Amino acid sequence: MERTRPPSVSRVLEEPQARQLVASHGQALVTGAVRAAIAAVRAGGGAADPARIAADAAAILARANRSALRPVWNMTGTILHTNLGRALLSDGAIAAASAAMARPVALEYDLAEGGRGERDAALSGLLEELTGTEGSLLVNNNAAAVMLVLAGLAKGREVIVSRGELIEIGGAFRLPAIMEAAGAMLREVGTTNRTHLKDYAEAIGPETALILKVHPSNYRIEGFTSDVPAGDLAALARQHGVPLVNDLGSGTLRDLAPLGLPSEPTVAEAVAEGADLVTFSGDKLLGGPQAGFVVGRQDLIDRLKRHPMKRAMRLDKVRLAALEVTLREYRQGRDNPTWWALQRPVAEIAAAGERLLPQVAALLPAGFAVSLRDNSAQVGSGAAPTATLPSIALAISGGPLEELAAALRALDEPVIGRISHGSLLLDLRCLPPAQEGAFLAALASLPSAL
Ligand SMILES: *Cc1c(COP(=O)(O)O)cnc(C)c1O
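Bear in mind that the values here come from a model prediction, so they are computed numbers and not experimental data.

**Topic: the layout of surface pockets**
- Approximately 1,200 Å³ is the volume found for the largest pocket.
- Forming the walls of the largest pocket are 37 residues, and the residues nearest its centre are Val72, Leu84, Arg86, Ala87 and Leu88.
- Of all elements in the fold, only β1 (73-74), α5 (91-102) and α15 (337-343) reach the threshold of two or more residues within the lining of the largest pocket.
- Considering every element that reaches the lining of the largest pocket, the biggest residue donor is α15, with 4 residues.
- Residues that form the lining of the largest pocket fall into these classes: 19 nonpolar, 11 polar and 7 charged.

**So, the nonpolar core**
- Counting 51 residues, the largest nonpolar core has Ile211 and Val278 as the members making the most contacts within it.
- For Ile211, the residues in contact, after removing those within four places along its chain, are Ile160, Tyr200, Ile204, Leu233, Leu236, Ala237, Val242, Pro243, Leu244 and Val245.
- One finds Leu175, Ala184, Ala209 and Met313 within the second-largest nonpolar core, a separate group that totals 32 residues.

**Some details on the packing of aromatic side chains**
- Following the criterion strictly, the structure yields 2 aromatic pairs and no others.
- Their ring planes at 70° and their centres at 5.7 Å tell us that Trp73 and Phe439 sit as a pair that is edge-to-face. Note that Trp73 is positioned in strand β1 and Phe439 in helix α18 (residues 436-443), a separation of 366 residues in sequence. Accessibility classification places Trp73 together with Phe439 in one group, the buried group.
- Seen in terms of ring centroids, Phe280 and Phe293 are 4.5 Å apart; in terms of plane orientation they differ by 5°. Their pairing is stacked. Pair noted here: Phe280 is in strand β11 (residues 277-281) and Phe293 is in strand β12 (residues 292-296), with a separation of 13 residues, a long-range link. The pair formed by Phe280 and Phe293 is uniform in burial state, with each residue classed as buried.

**As for empty space enclosed by the protein**
- Under the counting rule described, the total for this entry stands at 1 cavity of 30 Å³ or more.
- Computed from the structure, the largest cavity encloses a volume of approximately 30 Å³.
- Class assignment for the residues of the lining of the largest cavity results in 2 nonpolar, 3 polar and 1 charged.

**Describing the packing of helix α7 (residues 142-154) against helix α12 (residues 298-305)**
- One way to put it is that α7 packs onto α12 with a least axis distance of 9 Å and a crossing angle of 95°. In terms of axis orientation, α7 runs roughly perpendicular to α12. Of the residues in α12, those in contact with Leu148, Val149, Gly152 and Leu153 of α7 are Leu300, Arg303 and Leu304.

**Topic: the packing of helix α2 (residues 16-25) against helix α3 (residues 27-42)**
- At their nearest, the axes of α2 and α3 sit 7 Å apart, and the two run at 135° to each other. Considering the angle they form, α2 stands oblique to α3. For the pair α2 and α3, contact is made by Ala18, Leu21, Val22 and His25 and by Gln27, Leu29 and Val30, respectively.
- Class assignment of the residues belonging to the contact of α2 with α3 gives a composition of 5 nonpolar, 2 polar and no charged.

**Observations regarding the sheet that holds strand β16 (residues 418-420)**
- With antiparallel pairing, the 4 strands of this open sheet are ordered in space as β13-β14-β17-β16. The strands lining the two open edges of the sheet, one partner per strand, are β13 (369-377) and β16. Between one strand axis and the next, the sheet turns through 40° on average, direction left out of account.
- Where β16 lies against strand β17 (residues 423-427), 3 bridges are found, and the strand directions are antiparallel. Paired with Arg418 across the bridge in β17 is Leu425.
- Packing of helix α17 (residues 401-409) onto the sheet brings it into contact with β14 (389-397), β16 and β17, and relative to β17 it is tilted by some 35°.

**A look at the site of the ligand**
- The ligand sits among 13 residues. The nearest are Ala143, Ser217, Asp247, Ser281 and Lys284.
- The side chain of Arg86 places a nitrogen or oxygen atom 2.9 Å from an oxygen atom of the ligand.
- In this structure, Asn142 approaches the ligand through a main-chain N or O atom, which is 3.0 Å from an oxygen atom.
- Relative to its unbound accessible area of 380 Å², the ligand is 95% covered by the protein chains.
- Its residues assigned to classes, the shell around the ligand comprises 4 nonpolar, 6 polar and 3 charged.

**Let's talk about the pairing of strand β9 (residues 208-214)**
- A large share of β9 lies buried, amounting to 7 of its 7 residues.
- Across 3 bridges, strand β5 (residues 158-162) lies against β9 in parallel orientation. Directly across from Ile160, in β9, lies its bridge partner Ile211.
- A crossover links β9 with its parallel partner strand β10 (residues 244-249), the connecting element being helix α10 (residues 230-240), and its sense is right-handed.

**What to know about the side chain of Thr208**
- The topology assignment puts Thr208 in strand β9.
- Of note is the side chain of Thr208, whose polar atom sits 2.8 Å from the backbone nitrogen of Gly205.
- When neighbours within four sequence positions are excluded, Thr208 is seen to be in contact with Arg157, Glu158, Ile160, Ala203 and Val242.

Analysis parameters
- Per chain, residues are indexed from 1 in the order of the written sequence.
- Note on the predicted model: pLDDT of at least 70 is required for a residue's local features to be given, and 80 or more for side-chain atom pairs to be given and counted; whole-chain, interface and lining totals, by contrast, use all residues.
- Neither water nor hydrogens contribute to the side-chain values; these are computed over all heavy atoms in the structure.
- The way it works is a 1 Å grid over only the protein atoms, where trapped points that fit a 1.4 Å probe form a cavity and open points with protein on both sides within 12 Å along at least five of seven lines form a pocket, and then any residue with an atom within 4 Å of a point lines it.
- Grid points are joined across faces, edges and corners, and a volume is the space filled by probe spheres set on the points.
- Helix and strand assignments come from DSSP, with helices taken as H or I runs of at least 4 residues and strands as E runs of at least 2, each series counted from the N terminus.
- Lys, Arg, Asp and Glu make up the charged group, whereas Ala, Val, Leu, Ile, Met, Phe, Trp, Tyr, Cys and Pro make up the nonpolar group; the residues left over, Gly among them, are polar.
- Among buried residues, the Ala, Val, Leu, Ile, Met, Phe, Trp, Tyr and Cys ones that are joined through side-chain atoms within 4.5 Å form a nonpolar core.
- Burial classes: relative accessible area under 20% of the type maximum marks a residue as buried, over 50% as exposed, and values in between as partly exposed (1.4 Å probe, protein chains only).
- Should any heavy atoms of two residues lie within 4.5 Å, those residues are considered in contact.
- Classification of ring pairs rests on two measures: the distance between centres of Phe, Tyr or Trp rings, Trp counted by its six-membered ring, which must be within 6.5 Å, and the angle between planes, read as stacked under 30 degrees, edge-to-face over 60 and tilted in between.
- Under this scheme, a helix contributes an axis fitted over its contacting stretch, all axes are lines through C-alpha atoms, and angles between N-to-C directions fall in the 0 to 180 degree range.
- We call two directions roughly parallel when the angle between them is under 35 degrees, roughly antiparallel when it is over 145, roughly perpendicular when it lies between 65 and 115, and oblique otherwise.
- The pairing criterion for strands is at least two bridges between them, as found by DSSP.
- Whether a residue is near a molecule or strand depends on its heavy atoms: if one lies within 4 Å, it is near.
- Definition of a polar contact: a pair of N or O atoms within 3.5 Å, with one able to donate and the other able to accept a hydrogen when the atoms are protein atoms, and with sequence-neighbouring residues admitted only if both atoms are side-chain atoms.
- Residue-level accessible areas treat just the shown protein chains as cover; the underlying method is Shrake-Rupley with a 1.4 Å probe.
- Handedness is read with the strands pointing away from the viewer; a crossover is right-handed when the path from the first strand over the helix to the second is clockwise.

As structure tokens, this is what we get:
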């Protein structure tokens with residue numbers, strides 16, 4: 001059978017839908033999309049009807065215009081998922097960020113004096129109150145905070161680190177590499193599993209710039225182990241007149257123990273234990289935007305503020321505005337979205353599962369079945385790496401799981417789950433009840449069969 005020849009580009013552009021597309025996207029983009037749609041017809045795909053080709057072109061344009069950073073549904077069970085952007089901001093922090101985007105703010109402007117002010121000053125009072133420190137500065141993230149401290153205080157000199165704490169956080173953030181990039185010399189002490197106070201003491205000499213303690217964020221060394229408590233290390237450092245820097249990583253402002261998670265020192269505790277400087281992240285357990293904090297001794301903070309790298313790593317007004325509100329909410333004792341997810345009772349998650357189960361079952365492609373399953377959620381982003389929080393997942397099985405996972409990722413609002421033991425798990429801990437309707441609406445465009 002002879003196939004109908006596809007219409008010309010100009011013929012398709014006469015279609016009402018094509019005209020509308022030109023009005024909103026411009027001639028060049030629409031012509032390109034129409035060409036692509038015609039090529040697909042030639043390749044044996046669809047019908048040669050001009051109206052259908054205009055509709056195909058509209059679909060091509062819609063796909064091309066989908067943002068690579070469009071919102072997704074985090075059903076992984078990892079609350080602070082680095083690949084999904086970590087912490088979500090509170091409504092108050094979002095409002096402050098939006099206002100700062102739309103309006104001028106007194107970023108480096110002293111409103112009392114009417115002259116130049118200091119960028120990080122807006123947060124220093126809050127940080128002093130929440131962490132008990134006299135000085136603070138803010139940079140792009142905690143990796144930058146560590147880099148600035150090393151470059152500013154230890155360039156060309158030695159930094160003492162336990163072999164049990166020579167971490168790789170991910171990607172190129174490996175402590176020896178950071179050390180090298182900052183121009184500092186790594187002086188390793190102790191062994192992988194055990195480091196003693198005398199190991200540190202023996203390494204201190206005229207070349208020592210500082211002692212660095214690093215939180216084992218994403219691993220645990222178990223068995224025959226010992227490390228030196230920060231308090232003992234602080235006493236040793238003071239005795240020798242070298243600063244102790246404690247890289248806390250996540251750096252929580254609240255105790256994790258009430259969540260049933262292993263207790264970690266809060267920032268205030270790390271400061272009270274005698275660290276001269278403490279570094280931590282803005283978008284891990286703190287629950288704010290991406291940022292890095294250095295808090296501690298004012299004289300050291302002042303030196304770091306004058307370092308040229310500080311200028312290259314500084315925070316913009318949008319994130320500073322969001323951080324200020326995030327910190328203020330701690331002072332008010334309010335939960336941000338991260339702490340809401342961390343504290344959510346499992347019974348409440350199970351109730352959400354019961355509500356969602358029949359509706360999700362009705363939206364799945366043919367052949368798939370779904371049930372509720374006990375699941376383990378985790379904090380993520382290098383906090384309590386081996387601990388889990390009880391959770392509930394929708395467990396989907398009965399068809400090709402990789403294909404289903406791909407179909408979920410291809411949605412306009414992608415749904416990100418996890419395949420485990422023959423099921424695709426969609427963990428419900430991070431789905432706020434008020435967003436359940438929107439989640440179901442996102443699933444509604446799954447194909448009816450795979
Ligand atoms: C996460 C982490 C970092 C890096 O922090 P970012 O804010 O992701 O740059 C550095 N050190 C430790 C111990 C961490 O856990």
